[in-house]
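Report on the structure
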Amino acid sequence: MTTIDRVIIDWFNHGFGNLLPEDFYWVGNIFLILLSLVMAALLSGLIGFEREYNGHAAGLRTHLMVAIGSALIMIVSLYGFSDGDFPNRDPARLAAQVVPGIGFLGAGTIMQTGTDIKGLTTATTIWVTMAIGLACGSGNFIVAAIATGVALVCLVLLRRVEKAMAKRNPMLMLVVPSDRPVTRDIILAANRYNIKIRETQTELLSYQENSALRIVFRMSSADETAISAFLDEIRFVVKPLELKISTDVQ
């Protein structure tokens, strides 16, 4: 089946639709490579701009470089070993190494600070731009454009939905001296305000050279008024060394 991408590739590879002599078909190949890199940059730039606009560390330039590098590796896989010495070569073998490599890069953007886990969405957008770069490098421009559109819809339009859900399901983190059992008091206070505790995590740590306990509660079915009253009671009754509530969306 002939696709639009196949028509575009054949047009470039045949000297702009046989406009050039066969000896100069290589000019069309060069422009096809240039198109692949430019498309990778443009499409990934849209996602990178969204990350940059929302103040994330991995922004426009990072996403551009990931996509361009991925496209380049795909291009080398396709054209770099086509001199006849590798008749059974698999173009996907070199490109496949990009996937775990970008996985390590994305993991570097993830940070946990108290109740917040930052960088998860940015890590996934880096992975997506890698895939877009590979698609552009292999000449699948339509697929890359569709994937970019879907990614932008998820990032922009669904952000409001995720924010609303995060406010209804916040995380509470507090630090208390390790010799003070406070979990029961917190759960009883949550029940009084119809706040459901879904999950509890505890961690022993050093706080100002003293032994302390960090407790993280995942809450659900809570409105802002109930949460505000609940926090006031926690501050008054438990008197934590540190208290933080997270409703952030990355």
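Quick summary incoming for the structure in this document. Owing to the predicted nature of the structure, the values given are computational and were not obtained by experimental measurement.

**Focus: the nonpolar core**
In this structure, Leu172, Leu174, Ile186, Ile195, Phe230, Ile234 and Val238 are the most contacted members of the largest nonpolar core, which totals 17 residues. Looking at this core, the elements with two or more residues in it are strand 3 (171-177), helix 9 (183-192), strand 5 (210-220) and helix 10 (224-237). Core analysis: the second largest hydrophobic core is formed by 11 residues, Leu43, Ile47, Ala71 and Ile132 among them.

**Description of the packing of helix 3 (residues 25-53) against helix 4 (residues 60-79)**
One way to put it is that helix 3 packs onto helix 4 with a least axis distance of 7 Å and a crossing angle of 155 degrees. The angle between helix 3 and helix 4 falls in the class roughly antiparallel. The two elements helix 3 and helix 4 meet at a crossing, and its hand is right-handed. Partitioning the contact of helix 3 with helix 4 into residue classes produces 15 nonpolar, 5 polar and 2 charged.

**Details of the pairing of strand 5**
Looking along a regular strand, one sees the side chains alternate between the two faces of the sheet. In this structure, strand 3 lies alongside strand 5, joined through 7 bridges in antiparallel fashion. Its bridge partner being in strand 5, Leu172 is matched across the sheet by Phe217. For strand 4 (residues 196-207) and strand 5, the ladder comprises 11 bridges, and the chain directions are antiparallel. By the bridge assignment, Tyr207 is partnered in strand 5 with Asn210. What sits between the antiparallel neighbours strand 4 and strand 5 is a turn of 2 residues, in which Gln208 has the positive phi angle 50 degrees.

**Some words on the pattern of salt bridges**
Under the defined criterion, the tally for this structure stands at 5 salt bridges. A salt bridge links Arg6 to Asp10; its shortest N-O distance comes to 3.1 Å. Taken together, the positions of Arg6 and Asp10, both in helix 1 (residues 4-13) and 4 residues apart, correspond to about one turn of that helix. Between Asp232 and Arg235 there is a salt bridge, with its nearest N and O atoms 3.5 Å apart. Placement of both Asp232 and Arg235 in helix 10 is noted, with a separation of 3 residues, approximately one turn of the helix. Relative accessible area serves as the criterion here: at 44%, Arg235 is assigned to the partly exposed category.

**What about the sheet that holds strand 5?**
In spatial order, the strands read 4-5-3-6; together these 4 strands make up an open sheet with antiparallel pairing. The open sheet has two edge strands, strand 4 and strand 6 (242-246), and neither has a second partner. For this sheet, the mean inter-axis angle between neighbouring strands, taken without regard to orientation, is 15 degrees. Sitting on the sheet, helix 10 touches strand 3, strand 5 and strand 6, and the angle it makes with strand 6 is about 165 degrees.

Basis of the calculations
- Residues numbered from 1 in each chain as written.
- Predicted model: local features only at pLDDT ≥ 70, side-chain atom pairs only at ≥ 80, totals over all residues.
- Heavy atoms only, no water.
- Core = buried A, V, L, I, M, F, W, Y, C linked by side-chain atoms within 4.5 Å.
- Buried < 20%, exposed > 50% of the residue type's maximum accessible area, 1.4 Å probe, protein only.
- Helix = DSSP H or I, 4+ residues; strand = E, 2+ residues; numbered from the N terminus.
- Axes fitted to C-alpha atoms, helices over the stretch in contact; angles between N-to-C directions.
- Parallel < 35°, antiparallel > 145°, perpendicular 65-115°, else oblique.
- Left-handed = near helix turned anticlockwise from the far one by under 90°.
- Nonpolar A, V, L, I, M, F, W, Y, C, P; charged D, E, K, R; others polar.
- Pairing = 2+ DSSP bridges.
- Salt bridge = Lys/Arg side-chain N within 4 Å of Asp/Glu carboxyl O.
- Contact = heavy atoms within 4.5 Å.

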